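# Secondary and tertiary structure notes
What follows is each chain in one-letter form.
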Protein chains: 2
Amino acid sequence: MDIKKNNIIIDFEPISRRVVFSDDNSLYEILSNLDVPITSICGGLGTCGKCKVLIQRGNEYLIAPTSSEIKHLSREELNNGWRLACQTKIDEKNKQLIETLQPPQFRIFLPRELLLEDFNILVSGLSKGIEIQPAIQKIFIDVKKPSLDEPNADFERITSTLLSENLGLKKNDMIEIDFDVLNGIPGLLRENQHKITLTLWNNTKIISCEPGDTFEKNFGIAFDIGTTTIVGYLMNLNNGKIYAVDSKLNSQTAYGEDLITRLTYIKENEKNLQKLNSIVLNDLNEIIANVCSKANIKPSHIYEATIVGNSVMHHIFLGLNPVNIGLSPFIPVIQKNLNIKASKLNLNILKTGNVYTSPIIAGFVGADTIGVILSSQIYNEKELTLAIDIGTNGEIIIGNRKILAVGSCAAGSALEGAHIGDGMRAASGAIDKIKINPKDFEVSFTTIKNKKPIGICGSGLVDAIAEMLRSKIITRSGNFNREVTNHDRFIKKDKNTEFIIVKSEETSLDKDITISQNDIRQIQMAKAAFYAGAKIIIDNFKSNLRIEQVFLAGAFGNYINANNAKFIGMIPDIHDDKIFQIGNAAGIGAQHCLLNKSLRHKAQTLLDKIQYIEIAVDKRFQKEYAEAMYFPHLNLDYFPSLQLYNEIPKR
Amino acid sequence: MDIKKNNIIIDFEPISRRVVFSDDNSLYEILSNLDVPITSICGGLGTCGKCKVLIQRGNEYLIAPTSSEIKHLSREELNNGWRLACQTKIDEKNKQLIETLQPPQFRIFLPRELLLEDFNILVSGLSKGIEIQPAIQKIFIDVKKPSLDEPNADFERITSTLLSENLGLKKNDMIEIDFDVLNGIPGLLRENQHKITLTLWNNTKIISCEPGDTFEKNFGIAFDIGTTTIVGYLMNLNNGKIYAVDSKLNSQTAYGEDLITRLTYIKENEKNLQKLNSIVLNDLNEIIANVCSKANIKPSHIYEATIVGNSVMHHIFLGLNPVNIGLSPFIPVIQKNLNIKASKLNLNILKTGNVYTSPIIAGFVGADTIGVILSSQIYNEKELTLAIDIGTNGEIIIGNRKILAVGSCAAGSALEGAHIGDGMRAASGAIDKIKINPKDFEVSFTTIKNKKPIGICGSGLVDAIAEMLRSKIITRSGNFNREVTNHDRFIKKDKNTEFIIVKSEETSLDKDITISQNDIRQIQMAKAAFYAGAKIIIDNFKSNLRIEQVFLAGAFGNYINANNAKFIGMIPDIHDDKIFQIGNAAGIGAQHCLLNKSLRHKAQTLLDKIQYIEIAVDKRFQKEYAEAMYFPHLNLDYFPSLQLYNEIPKR
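Let us look at the overall build of chain A. Along chain A, the regular secondary structure elements total 20 helices and 27 strands. What you see for chain A is a C-alpha radius of gyration of 27 Å, in line with the 26 Å of a compact globule of 651 residues. Principal-axis analysis of the C-alpha atoms gives chain A an extent of 100 × 65 × 45 Å. Evaluated residue by residue, chain A yields a buried proportion of 49% over its 651 residues.

Right under this line is the structure:
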């Protein structure tokens, strides 16, 4: 065995993350290495007391509570197993003993309020009852040895053993074998006393044959290939847990920030498709290498990858020419889901492993949207639900048990900070929350990782606009209110007015961080596109439908202040209790497809059900869009709950 | 189009051979180029008048009857369209006119007595009602163009067009596409006004997509890979006709005449398997090139290949290690039928074409035997039938509607001329028929192609032994009868007696062609192996079964004098009317599998039904074998009809 044996396993719940304990780190550091960001004000110094976790198993093997824990936790809390993640470590002297115990030796519960990011959706997703029923099944078998009386071939003895095991295989199931695996069989059987572990795909095809019992080493990887970001989730297919997550910026951004630029690049020269294809493959293979190293497994123990991504990313990943997606009538090469051998695509999992790509709905509504639909299960909702997935491209889904319609709008990049003077992605130092005192226009804010501010990310921008409205700094038409622009938080640049969010002395830069008239316009355009898009889709049904529930998906959708999103009119006037931030729903869709093969069939059948609405070419769009440019809308009757608007000037 | 357009088509019936007429040849030469040997004594000189053919269509475009035809054919025959093949040509001056007519412009019937070789079985095989229902289906479609109202992807528009055609596809049939074909689709559609021809495999998978209408160019190739000979039949899958046949000696013979030698060679070094694999692939690819050139088609218009062959040839062709077939308990890697992409196997048909291999029954009863069973339809016979396929390896099948059992014996090579002093394969100059005058021991004989004799092939050997028995030159135990060895047709070589078949002055050699004591032993061993093998198989059923019918398969089985085979005791004492020479039944099985996909399912289900008997290890074998060494058998009661044996001395 070339794998280092690690016997100490920690399960973090309810996020279903398992980790092989290696170094002498605190729980806070372990979670941080796992890319599970948790609430902490002091950054792990033990001074804020925020990082409370509940040790459900293994408390007795940890170090004794530190003085900081005794200060921040009550005696009852300590007795019940509550600890501070930044203080708690495994006690060195217990290590040998722990290694003798049945893993997992530790089970640690992370309370909901502790979790930042999208892990709450992972929980809620799993709580929607995803049964672990992967396409991949590993089976250890003891194959009958041949004799003159029963001289069956090696393969036939394997299949008859398989059929005799209680695996849900039917007698008439025709089991096939990947031809690349077949030739290894005779040697493998005879060198291992006929004891081998098979990997069966979809109950029909043997895709690997390994010596001895390797049942435990059963992994899959779910990928969400975004225009800007790629995320990979390494999952154990026996228990459904995530063993590692890795993400990176999509290296294709060097060839264009948005899809249209990349399509133009591909159109220029037929070799450019190949170039972008190998770039994305490199990214994915880097992620595979990283998650394997984090979880201490071999890439050949990853038997399947599931992929979601928008239509263009989907095509580039598969090496399919996407140029017709960029030309009216926006036609992809193929929509249906595909299963392709990993070696064919040069994806560095097991060579004979399977790569599953979710179906795509239309030229600009891709497999990522199918991922959102699957993980949100919008098709099971009783109430009419609007789901918006805000990435570089924005997708709008409206549906419930009866109807399902989707559309797309190119509106998201402003919310990722593009085309905004001081805009930036949600990274360290980005202003993510903003409050403005209506009396003195004083601005309070938080930044990611509490770093000195260097710019404003999407959630901060939405906050800024909403607060500027509440403070009557801007009018409903998105202009600066001339009655207040003489205040000292306003500056003039080339005759343009800007509102200062942070003065230069408080930043890491040597300039003010401001919101300009153009910035407001960008946000207006983005929010109007979403609102008008949803309106066009819903009007399409002709009966008087009303949105009753909103799902906000995507990283941005998760961090945004939903009330402010409603206040600026980006989403309809729905009670806050009915607005759900469902996290990276596309990626979770990929995870669900990895864990449960019946969802793939569901995905394919959804294709027939989904109505695709080409929003941008709809005749009504321009009018709806123009009306939605107002805050919250030209017609205030649509937002009856926002009483404050009666006081905000219109122009 | 890079294909030379040829508009003159000749159909030869009842052998279902179609030929694209190219050169200015006589029908005799055309048939000869097609490897369809026909009866002719003069070799095409017009002197014997034997090569009569009936022109069923197109007589008016041929040259006027020659003086030779007027001499050999009656006025009535000429009026009815009878011609001599060696005299008849297309009239040059009609050629342009003929090219404007709807092909096939000629239909020429070859009477049964004209045909040598195994084309009669081809006819009788087809007459068993093989429906043309290949796995390959070409369909010309006019794909709906996309629009903003119906922006379906290219692949989805293709499948919906396919489903709307009346092809027997069901609405829920999931049509797939070979991934290598997919990327070409967008360009192909747009460059050809959306008019394309698809090739569908097994109603489920698109394996090619061609511009415009190429429906007519729909070919498959059936291969019979023998230990010694490889034959390929190029067939048109729209009409089921054979367009070309090519055969060659298996180049693997350089690494061993028999299977055991080749297995030993593979065992020596793991690279040797790869070597033999590329050797057989070269042979097959040479045959593909030849048949394509004969029929004037492109190899990429061959969409499927079907393969039969014994287990070792099957494994070597697939690159599977066959060494365990050579070791008790004689275990193959896999038995089931396989469908593999041509490019994977380096077979030079369409890269995305399918290669189908028939299932194999056991280590020494291969896919060729399945071919014999399928083409003979022994499983539909009412009478208990013994089928023996005599090649380098011999296979024995016993069956009817109720039972089916097979076994194998290593007995065939003597009958192919191996280990026989003057033995040779059935080639020009081989003595194929022998008569001996019991009074003066004068020998009369015929040779293949009427060439001067250079040796004796299998059918000649069987004739020689039978005739030597009838003339009491040898005894029932296979010894020379001492009472006659002083006759001048006997010579002594190293104290061994030999009987002269042809004296040296009549041969192309400077030596006599003789039958030695050793030669007799070789034939005894071969015939005893077949008889004893059949006996062991039948005894296995324990109820008192009796063979009622015999099928002789394989090239040897076709040329042999069946009555003589019975006389020497190679097959049971059955009335001559119940002995059928069914030709190259294995190759015909491959053809049938190519033409009708349901036979593949049949082949696979037969695997469960067939009882495999390991003859050589059966305890009774030695006794049965020893008894069967006698002519016709130790126990004359088994051959009641052979009265003459009462006069032949036993020892």
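This paragraph deals with the domain arrangement of chain A. Parsing chain A into structural domains produces domain 1 (9-116), domain 2 (136-211), domain 3 (219-357), domain 4 (379-411 + 526-634) and domain 5 (414-523). For domain 1 of chain A versus domain 5 of chain A, the distance between C-alpha centres works out to 38 Å.

On to the packing of helix α13 (residues 367-376) of chain A against helix α19 (residues 598-609) of chain A. Residues and elements named next belong to chain A. At a minimum axis separation of 11 Å, α13 and α19 run at an interaxial angle of 115°. The element α13 and its partner α19 pack so that their crossing is right-handed. Taken together, the residues of α19 that come into contact with α13 (itself represented by I370, I373 and L374) are L599, K602, A603 and L606.

Look at the two chain copies: a rotation about an axis and a shift along it is all it takes to match them. Mapping chain A onto chain B calls for a screw motion: a turn of 180° about the axis and a shift of 0.1 Å along it, with 0.2 Å RMSD after fitting. Taken together, these values place the two copies in the relation of a two-fold axis. Within chain A, K344 of chain A has its C-alpha nearest the rotation axis, a separation of 5.9 Å. The share of interface residues of chain A whose copies in chain B are also at the interface is 100%, consistent with both copies meeting through the same surface.

The subject of this paragraph is the sheet that holds strand β27 (residues 611-612) of chain A. Residues and elements named next belong to chain A. Taken in spatial order, the six strands of this open sheet run β26-β25-β16-β17-β18-β27, and their pairing is mixed. The open sheet terminates on both sides in strands that have one partner only, identified here as β26 (579-583) and β27. Across six bridges, strand β16 (residues 385-390) lies against strand β17 (residues 394-399) in antiparallel orientation. Looking at the pairing, I388 lines up with I396 of β17. Running at roughly 60° to β26, helix α18 (residues 585-595) makes contact with β16, β25 (549-553) and β26 of the sheet.

So, about the packing of helix α15 (residues 517-539) of chain A against helix α20 (residues 621-628) of chain A. Angle between the axes and distance between the axes: these two values describe a pair of packed helices. Residues and elements named next belong to chain A. Remark: α15 packs on α20, axes separated minimally by 8 Å, with the N-to-C direction vectors making an angle of 135°. The angle between α15 and α20 falls in the class oblique. Taken as a pair, α15 and α20 cross one another with a handedness that is right-handed. Residues A528, A529, Y531, A532, K535 and I536 of α15 pack against F621, E624, Y625 and A628 of α20. Grouping the constituent residues of the contact of α15 with α20 by class yields eight nonpolar, no polar and two charged.

Residues and elements named next belong to chain A. In this structure, strand β11 (residues 229-236) lies alongside strand β12 (residues 242-249), joined through seven bridges in antiparallel fashion. Within β12, the position partnered with G232 by the bridge is D246. What sits between β11 and β12 in their antiparallel hairpin is a turn of five residues, with G240 showing a positive phi close to 75°.

Here the focus is the environment of S300 of chain B. As for its position among the elements, S300 of chain B is in the loop between α10 (270-295) and β13 (302-309). A tally of 17 C-beta atoms within 10 Å means that S300 of chain B is categorised as partly exposed.

If you look at the interface, chain A gives 32 residues, while chain B gives 32 residues. Secondary structure elements with two or more residues in the side of chain A that touches chain B: α6 (154-164), α7 (179-182) and α8 (185-191) of chain A. If one sorts the elements of the side of chain A that touches chain B by residue count, α6 of chain A sits on top with three residues. Looking at the side of chain A that touches chain B, its residues break down into 19 nonpolar, eight polar and five charged.

Residue and element names in this part refer to chain B. Under the 1.5 Å per step criterion, the end-to-end length of α10 is 39 Å for 26 residues, consistent within 8% with the ideal 38 Å. Residues of α10 that are buried: L273, L276, N277, V280, D283, L284, I287, I288, V291, C292 and A295. Residue N296 follows α10 closely and has a positive phi angle near 60°.

Right, let's talk about α20 of chain A for a bit. All names here are of chain A. All buried positions along α20 are accounted for by E624, Y625 and A628. Viewed end-on, α20 has its buried residues packed into an arc of 100°, placing them on one side of the element. Turned more than 90 degrees from where α20 packs its buried face, Q622, K623 and A626 sit exposed. In this structure, the buried residues of α20 make contact with α15.

Quick look at unusual backbone geometry now. F631 of chain A connects to P632 of chain A through a cis peptide bond whose omega is -20°. With respect to the helices and strands, the residue P632 of chain A is situated in the segment after α20. Note that the residue after P103 of chain B, namely P104 of chain B, is joined by a cis bond; omega there is -5°. As for its placement among the helices and strands, P104 of chain B is situated in the loop between α4 (95-100) and β5 (106-109).

Residues and elements named next belong to chain A. Residue placement: K566 occurs in helix α17 (residues 562-567). It is 7.8 Å that separates the C-alpha atoms of K566 and P632, two residues lying 66 residues apart in sequence. The contact partners of K566, leaving out residues within four places of it in the chain, are I571, D573 and I574.

So, on to the environment of L347 of chain B. All names here are of chain B. Examined against the element boundaries, L347 turns out to sit in the loop between α12 (342-345) and β15 (354-357). Along the backbone, L347 and N239 are 108 residues apart, and their C-alpha atoms lie at a distance of 24 Å. L347 has contacts with L281, L284, N285, A305, A342 and V355, leaving out every residue within four places of it along the chain.

Glancing now at the sheet that holds strand β9 (residues 205-211) of chain B. Residues and elements named next belong to chain B. If you trace the four strands from one edge of the open sheet to the other, you get β6-β8-β9-β7, paired in mixed fashion. The open sheet has two free edges, formed respectively by β6 (136-142) and β7 (176-177), since each of these has just one partner strand. With six bridges joining them, strand β8 (residues 195-201) and β9 adopt antiparallel strand pairing. Each bridged residue has a counterpart across the sheet, and for W201 the counterpart in β9 is K205.

Of all hydrophobic cores here, the largest spans 344 residues; its most connected members are I501 of chain A together with I501 of chain B. With residues near it in sequence (within four places) discarded, I501 of chain B still touches I431, I434, V443, F445, I456, A464, I513, T514 and I515 of chain B. One finds V19, F21, L31 and I90 of chain A within the second-largest nonpolar core, a separate group that totals 23 residues.

Moving on, we come to the pairing of strand β18 (residues 404-409) of chain A. Residue and element names in this part refer to chain A. As paired strands, β17 and β18 are joined by six bridges and run antiparallel to one another. Bridging from a neighbouring strand, G394 pairs with C409 of β18. In this antiparallel pair of consecutive strands, β17 and β18, the connection spans four residues. Across two bridges, β18 lies against β27 in parallel orientation. Paired with V406 across the bridge in β27 is Y612.

All names here are of chain A. When pLDDT is averaged along chain A, the result is 89; 96% of the residues meet or exceed 70. Of all secondary-structure elements in chain A, the lowest mean pLDDT belongs to helix α5 (residues 119-127), at 38, while strand β15 (residues 354-357) reaches the highest, 98. Counted against residues more than four places away or in other chains, residues 1-5, with its pLDDT under 50, gives three contacts. Scored below 50 in pLDDT, residues 118-127 shows 22 contacts in the model against residues more than four places distant or in partner chains. Under the prediction, the complex receives an ipTM of 0.83, its pTM being 0.84.

How each quantity is defined
Residues numbered from 1 in each chain as written. Chains lettered and ligands numbered in written order. Predicted model: local features only at pLDDT ≥ 70, side-chain atom pairs only at ≥ 80, totals over all residues. Helix = DSSP H or I, 4+ residues; strand = E, 2+ residues; numbered from the N terminus. Rg over C-alpha atoms; globule rule 2.2 N^0.38 Å. Buried ≥ 20, exposed ≤ 12 C-beta atoms within 10 Å, placed from the backbone. Domains from an automatic or database assignment. Axes fitted to C-alpha atoms, helices over the stretch in contact; angles between N-to-C directions. Left-handed = near helix turned anticlockwise from the far one by under 90°. Contact = placed C-beta atoms within 7 Å. Least-squares fit on C-alpha atoms with pLDDT ≥ 70 in both. Pairing = 2+ DSSP bridges. Parallel < 35°, antiparallel > 145°, perpendicular 65-115°, else oblique. Nonpolar A, V, L, I, M, F, W, Y, C, P; charged D, E, K, R; others polar. Expected span 1.5 Å × (residues − 1). Arc of directions from axis to C-beta. Core = buried A, V, L, I, M, F, W, Y, C linked by C-beta atoms within 7 Å. pLDDT = per-residue confidence, 0-100.

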